[in-house]
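Listed below are the residues making up each chain.
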Amino acid sequence: MRRSLVVGNWKMNGTLASAEMLAKGIIAGLGASDADIAVCVPYVYLPRVSEVVKGSQLGLGSQNIADKSSGAFTGEISASMLKEFDCQYALVGHSERRSYYGDTNESVAARYCQAQEQNITPILCVGETLEQRELDQTFQVINEQLDAVINLAGISSFNKAVIAYEPVWAIGTGKTASDEQAQEVHHYIRQYIAAKDQTIADKIQILYGGSAKPENAQGLFAMPDIDGGLIGGASLDAESFLKIFHSI
Ligand code: 13P
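Not measured: the values here are computed from a predicted model. (Residues numbered from 1 in each chain as written. Predicted model: local features only at pLDDT ≥ 70, side-chain atom pairs only at ≥ 80, totals over all residues. Heavy atoms only, no water.)

Q: I'd like a rundown of the pattern of salt bridges, residues and numbers included.
A: Under the counting rule described, the total for this entry stands at 13 salt bridges. The closest approach of N and O atoms between Asp 227 and Arg 2, which form a salt bridge, is 2.8 Å. Taken as a pair, Asp 227 in the loop between helix H10 (214–221) and strand E8 (228–231) and Arg 2 in the segment before strand E1 (5–9) lie far apart in primary sequence, 225 residues in all. Under the relative-accessibility criterion, Asp 227 is labelled buried at 6%. The partner of Arg 133 in a salt bridge is Glu 128, and the shortest N-O contact between them spans 2.7 Å. Judged by its relative accessible area of 0%, Glu 128 is buried. Here the salt bridges share partners, and the residues they tie into one network are Arg 2, Arg 190, Asp 225 and Asp 227. (Salt bridge = Lys/Arg side-chain N within 4 Å of Asp/Glu carboxyl O. Helix = DSSP H or I, 4+ residues; strand = E, 2+ residues; numbered from the N terminus. Buried < 20%, exposed > 50% of the residue type's maximum accessible area, 1.4 Å probe, protein only.)

Written out as structure tokens, the structure is:
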């Protein structure tokens, strides 16, 4: 049985004070649960939020990670730096990074490796644009996104990684993939991995992201290959994020 996981991606939102309050609000409402939960916060809020989450069930992650380990890479944040603030997770290849900041399949794979070198679990984000979906290229796009990582890190690296399927057309648009649409792609991803390693495929957590909210989370999470969610907008409010978490 796979453990469920719900991750909040705060993106570039909030203030230091609101970040602290949000983390505290989430911790206060966790209750007893078998599922895992984490928040990916803006870099500069990591020191404060890492203090708040210490000793709690709420895990911590970053929204990106450098593709190199150290050196003259102005503006980048390395895996070892993130480790100092107890980051357990790092998002890699979020579609906003891919589309606005030039992340490529290859640079995403390098970030993924950097995270694993420091024992940080990469959350590899994959997904197609609306245009790619309409051209029937969804599976091909996902193959390429997964292959770049498999080629660099090997299939066994998925022993310690999470995959997030985030259809770009569903992110921040209010247009969620239907339960069946999401399940179809999640199943595809699991089969793709199973063709290389069945044990890893059975074990790996695949999260859904894209306009997930309290109203639709239960249906999505009930799908056999959906192991949790990567939540954007709805994770900025403790109550709605907790509702999503508790619906798992
Ligand atoms: P929304 O939940 O705001 O659509 O964002 C999803 C996302 O991009 C999470 O990484």
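Q: Residues and numbers for the sheet that holds E1, please.
A: In space, the 8 strands of this closed barrel follow the order E1-E2-E3-E4-E5-E6-E7-E8, with parallel pairing throughout. The sheet shows a mean angle of 25 degrees between the axes of neighbouring strands, taken without regard to direction. Pairing analysis gives 4 bridges linking strand E6 (residues 162–165) to strand E7 (residues 205–209), with the strands arranged parallel. What sits directly across from Tyr 165, in E7, is Tyr 208. Each of strand E5 (121–126) and E6 is contacted by helix H7 (residues 138–153), which is oriented at about 155 degrees to E5, the strand it contacts most. (Pairing = 2+ DSSP bridges. Axes fitted to C-alpha atoms, helices over the stretch in contact; angles between N-to-C directions. Contact = heavy atoms within 4.5 Å.)

Q: Provide a residue-level description of the packing of aromatic side chains, including the pertinent values.
A: Applying the stated criterion to the full structure yields 5 aromatic pairs. Aromatic pair Tyr 112 and Phe 158: ring centres 5.7 Å apart, planes at 50 degrees, arrangement tilted. A residue pair is termed long-range when its members are at least 10 positions apart, and Tyr 112 in helix H5 (residues 105–117) and Phe 158 in the loop between H7 and E6 qualify at 46 residues. The residues Tyr 112 and Phe 158 share a single accessibility class, namely buried. Every member of this aromatic cluster is reached through a ring pair, and the members are Phe 139, Tyr 188 and Tyr 192. (Phe/Tyr/Trp six-rings, centres within 6.5 Å; stacked < 30°, edge-to-face > 60°.)

Q: Tell me about the nonpolar core, and please be specific about residues and values.
A: In this structure, Ile 26, Leu 146, Phe 158 and Ile 189 are the most contacted members of the largest nonpolar core, which totals 68 residues. With 6 residues, the top contributor of residues to this core is helix H8 (residues 179–194). In this structure, Ile 189 is in contact with Val 126, Ile 142, Leu 146, Ile 163, Tyr 165 and Ile 206, ignoring residues within four places of it in sequence. Counting residues in hydrophobic clusters, the runner-up holds 12 residues, among them Leu 5, Val 7, Cys 40 and Ile 123. (Core = buried A, V, L, I, M, F, W, Y, C linked by side-chain atoms within 4.5 Å.)

Q: Any details on the site of the ligand? Residues and values, ideally.
A: The local shell around the ligand consists of Asn 9, Lys 11, His 94, Glu 166, Ala 170, Ile 171, Gly 172, Gly 210, Ser 211, Leu 230, Gly 232 and Gly 233. Between an oxygen atom of the ligand and a side-chain N or O atom of Lys 11, the distance comes to 2.9 Å. Contact between the ligand and Gly 233: an oxygen atom at 2.8 Å from a main-chain N or O atom of the residue. Starting from 310 Å² of accessible surface for the ligand in isolation, the protein chains cover 94%. (Near = heavy atom within 4 Å. Polar contact = N/O pair within 3.5 Å; in protein donor to acceptor, adjacent residues only side chain to side chain. Areas by Shrake-Rupley, 256 points an atom, 1.4 Å probe, with all protein chains shown as cover.)

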